[in-house]
Amino acid sequence: METFRLRPVRRGTQPRLAISRTLTGVAERAAGQDASASGANGSPSTATETLSQFVARVLNQLSLSAWLPAAALVLLLAFVLQLGAVLDRRTPPRGPAEAIGDAFTEISRVSLGAALLLIAAVVVLTMVTQAFSFEAIQVLEGYWGPNRLVEWAAGHRCEHYRKVQERLKRRRRKLMERALTAAIAELNNMQQEQAKHGSVALTPNVISVVAARELGSRPVVQLNEEEKKVADSIKWEDHASPELLRRQANVERRLADFPHPERMQPTKLGNVLRRYEDNIDDKEVRTFIQRVFDQLPFSLAVEHDEQRNRLDLYCSMIFVITVVALVAVARFASQHLGYALGAIGIAAAGIFLMYRAAIATARAYGSILVLASKHIRSDQRDSGDAAGKRNR
């Protein structure tokens, strides 16, 4: 009876959920058993089954997040080269739409041999993209090497993000003060109305203390026990402008993507990941997942692998699009400048979308790392409490 298990992984290698690989291994072993049986019976299908075993072993080593970038690279390069051949005809196409249509038509007519070569190229490139997917993330995080010029550029970018963070903090402060001023005015009106009806629960002193707390200053008045209870129960946001609160929430969401200023990275993706890594209660962040993976709940482990695979995919696609754009510019710049400029524009849009997707995935991936850290810390605390009770 086959069992399914999770294989330990770490952030810094290729984290993969081993269930799919176990399924492949099951099929591989089944094929091996069938091959042995066929060989004993003298069946001529032994060679075919041995080939299927080899294919299963190859697929077992490659992940979907590596297949997709490799396939995209092969197909896009084939399209660029075929489009160049269409444009170089003696009778050129009448416009971009016709040229692109003719290129797709020619690609769809490739022979079986050419198709097999494309598949072989995809397999080879898959091994390359899988090997360098972690390096792709590292580069996009801002780990660019010790070169002096590169370090100067990285330092300049870090300083830029520190200034952005400070501007956002000042903007959040101003929005909070405006919202608080409106809320205090509303609370004063409520206090005056209550005073007319003989109620003294909401006093000017209570309102003053509420405002001082939110502004981070020391209250200038002292409250009695009853007034303290009233002040603690007041939610000034309920009396503020919803529009100002919405704008303040947007600023706070952007600030959530920044780590401490001293830990700033030269890229936005790096700052998002660094911010979550700093919230992990473990000194060795790189090996954290590898050491605790077996202790995680099944659902959390699955979600971790899904988000990490997506992060690998989007970061790899950025470099795939860049390579295709460079090839397209080299192919079209001399005789078809318009197509070269079009390739640059499309590539810029694609890179922007992939980078935004990588940042969104990094937020989800970082949240999972923090949840894993909390889960492990909770288990350790429970284990310590249990050990203490046994010792008693």
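Engineer: Quick question: what am I supposed to make of the overall build of the chain here?
Structural biologist: Helix and strand content of the chain: 13 helices and zero strands. The order of helices and strands in the chain, counted from the N terminus, is α-α-α-α-α-α-α-α-α-α-α-α-α. Relative to its 392 residues, the chain shows a buried fraction of 37%. Looking at the chain alone, contacts between residues at least 24 apart form 73% of all its contacts between residues at least 6 apart. Here the chain has roughly 23,200 Å² of accessible surface; of this, 58% comes from carbon and sulfur atoms.

Engineer: Any chance you could explain the packing of aromatic side chains here in plain terms?
Structural biologist: For any pair of aromatic rings, the description rests on two quantities: the centre-to-centre distance and the angle between the ring planes. By the definition in use, this model includes three aromatic pairs. Ring geometry for Phe332 and Tyr339: centres 6.1 Å apart, planes at 50 degrees, overall tilted. Take Tyr339: its relative accessible area is 23%, and that puts it in the partly exposed class. Stacked on the ring of Tyr276, the Lys or Arg Arg275 has its end atom at 4.5 Å from the ring centre.

Engineer: I'm lost on the pattern of salt bridges in this one. Help?
Structural biologist: Once their charged atoms are close, side chains differing in charge can pair, the charge on each being opposite to the other. Counted by the stated rule, this structure contains 13 salt bridges. Residues Arg173 and Glu177 are paired through a salt bridge, measuring 2.9 Å at the closest nitrogen-oxygen approach. Taken as a pair, Arg173 and Glu177 lie in helix H6 (residues 148-196) at a separation of four residues, close to a single helical turn. A salt bridge links Lys228 to Glu225, with the shortest nitrogen-to-oxygen separation between them at 4.0 Å. In this pair, Lys228 and Glu225 are both assigned in helix H8 (residues 225-233), three residues apart and thus about one turn of the helix distant. What makes Glu225 exposed here is its relative accessible area of 56%. Linked by salt bridges that have partners in common, Arg89, Asp102, Glu106 and Arg109 make up one network.

Engineer: Would you take a moment to explain the layout of surface pockets for this structure?
Structural biologist: Empty space left among the atoms is revealed by rolling a probe the size of a water molecule over them. Volume-wise, the largest pocket comes out at about 420 Å³. In terms of lining, the largest pocket is formed by 17 residues, of which the most central are Phe79, Val80, Gly342, Ala343 and Ile346. Partitioned by chemical class, the residues of the lining of the largest pocket number 15 nonpolar, two polar and no charged.

Engineer: Looking at this structure, I do not really get a nonpolar patch on the surface. What am I missing?
Structural biologist: Among the surface-exposed residues, Val124, Met127, Val128 and Phe132 lie close enough to one another that they form a single nonpolar patch of about 380 Å² accessible area. Owing to a relative accessible area of 47%, Val124 belongs among the partly exposed residues under this scheme.

Engineer: Would you mind showing me how to read helix H10 (residues 268-277) here?
Structural biologist: Given 3.6 residues per turn, any residue in an α-helix points the same way as the ones three and four places further on. Of all 10 residues in H10, eight are buried, a share of seventy percent or more. For H10, the side-chain oxygen to backbone nitrogen distance between the N-cap and Gly270 is 3.0 Å, and the N-cap itself is Thr267.

Engineer: Can you help me understand the side chain of His336 in this one?
Structural biologist: Within the secondary structure, His336 sits in the loop between helix H12 (298-332) and helix H13 (337-391). In terms of polar contacts, His336 uses its side chain to reach the side chain of Asp88, at 3.0 Å. Setting aside anything within four residues of it in sequence, one finds His336 in contact with Leu87 and Asp88.

Engineer: Any chance you could explain a positive patch on the surface here in plain terms?
Structural biologist: Together, Lys163, Arg167, Arg170, Arg171, Lys174 and Arg254 give the surface a local cluster of positive charge. For the positive patch, the leading source of residues is H6, giving five residues. Within the fold, Lys163 resides in helix H6. For Lys163, a relative accessible area of 49% corresponds to the partly exposed category.

Engineer: Just checking my understanding: could you explain the packing of helix H7 (residues 204-215) against H8 for this structure?
Structural biologist: Packed helices, taken two at a time, are described by the angle between their axes plus the distance between the axes. Taken N-terminus to C-terminus, the directions of H7 and H8 make an angle of 50 degrees; their axes are 9 Å apart at the nearest point. Between H7 and H8, the crossing angle belongs to the class labelled oblique. Like other packed secondary-structure pairs, H7 and H8 cross with a definite hand, here right-handed. Taking contact as the criterion, the partners of Asn205, Val206, Val210 and Arg213 in H7 are, on H8, Glu227, Val230, Ala231 and Asp232.

Engineer: Any chance you could explain the packing of helix H5 (residues 112-141) against H10 here in plain terms?
Structural biologist: The geometry of H5 relative to H10 is characterised by a closest axis approach of 7 Å and an angle of 100 degrees between their N-to-C directions. It follows from the interaxial angle that H5 and H10 lie roughly perpendicular. On H10, the residues touching Ile137, Leu140 and Glu141 of H5 are Leu269, Gly270, Leu273 and Glu277. Class assignment for the residues of the contact of H5 with H10 results in four nonpolar, one polar and two charged.

Engineer: Is there a simple way to explain the environment of Ala231 in this structure?
Structural biologist: Within the secondary structure layout, Ala231 lies in helix H8. For Ala231, a relative accessible area of 3% corresponds to the buried category. For the pair Ala231 and Asn205, spaced 26 residues apart in sequence, the C-alpha to C-alpha distance is 9.2 Å. Ala231 has contacts with Val206, Val210, Arg213 and Leu223, leaving out every residue within four places of it along the chain.

Thresholds applied
Residues numbered from 1 in each chain as written. Predicted model: local features only at pLDDT ≥ 70, side-chain atom pairs only at ≥ 80, totals over all residues. Heavy atoms only, no water. Helix = DSSP H or I, 4+ residues; strand = E, 2+ residues; numbered from the N terminus. Buried < 20%, exposed > 50% of the residue type's maximum accessible area, 1.4 Å probe, protein only. Contact = heavy atoms within 4.5 Å. Areas by Shrake-Rupley, 256 points an atom, 1.4 Å probe, with all protein chains shown as cover. Phe/Tyr/Trp six-rings, centres within 6.5 Å; stacked < 30°, edge-to-face > 60°. Lys NZ or Arg CZ within 6 Å of the ring centre and 35° of its normal. Salt bridge = Lys/Arg side-chain N within 4 Å of Asp/Glu carboxyl O. 1 Å grid on protein atoms, 1.4 Å probe; cavity = no way out; pocket = protein on both sides within 12 Å on 5 of 7 lines; lining within 4 Å. Points joined across faces, edges and corners; volume = space filled by probe spheres on them. Nonpolar A, V, L, I, M, F, W, Y, C, P; charged D, E, K, R; others polar. Patch = residues over 30% accessible without salt bridge, like charges linked within 9 Å, V, L, I, M, F, W, Y side chains within 5 Å. Polar contact = N/O pair within 3.5 Å; in protein donor to acceptor, adjacent residues only side chain to side chain. Lys, Arg positive; Asp, Glu negative; His and termini not counted. Charge placed at Lys NZ, Arg CZ, Asp CG, Glu CD. Axes fitted to C-alpha atoms, helices over the stretch in contact; angles between N-to-C directions. Parallel < 35°, antiparallel > 145°, perpendicular 65-115°, else oblique. Left-handed = near helix turned anticlockwise from the far one by under 90°.

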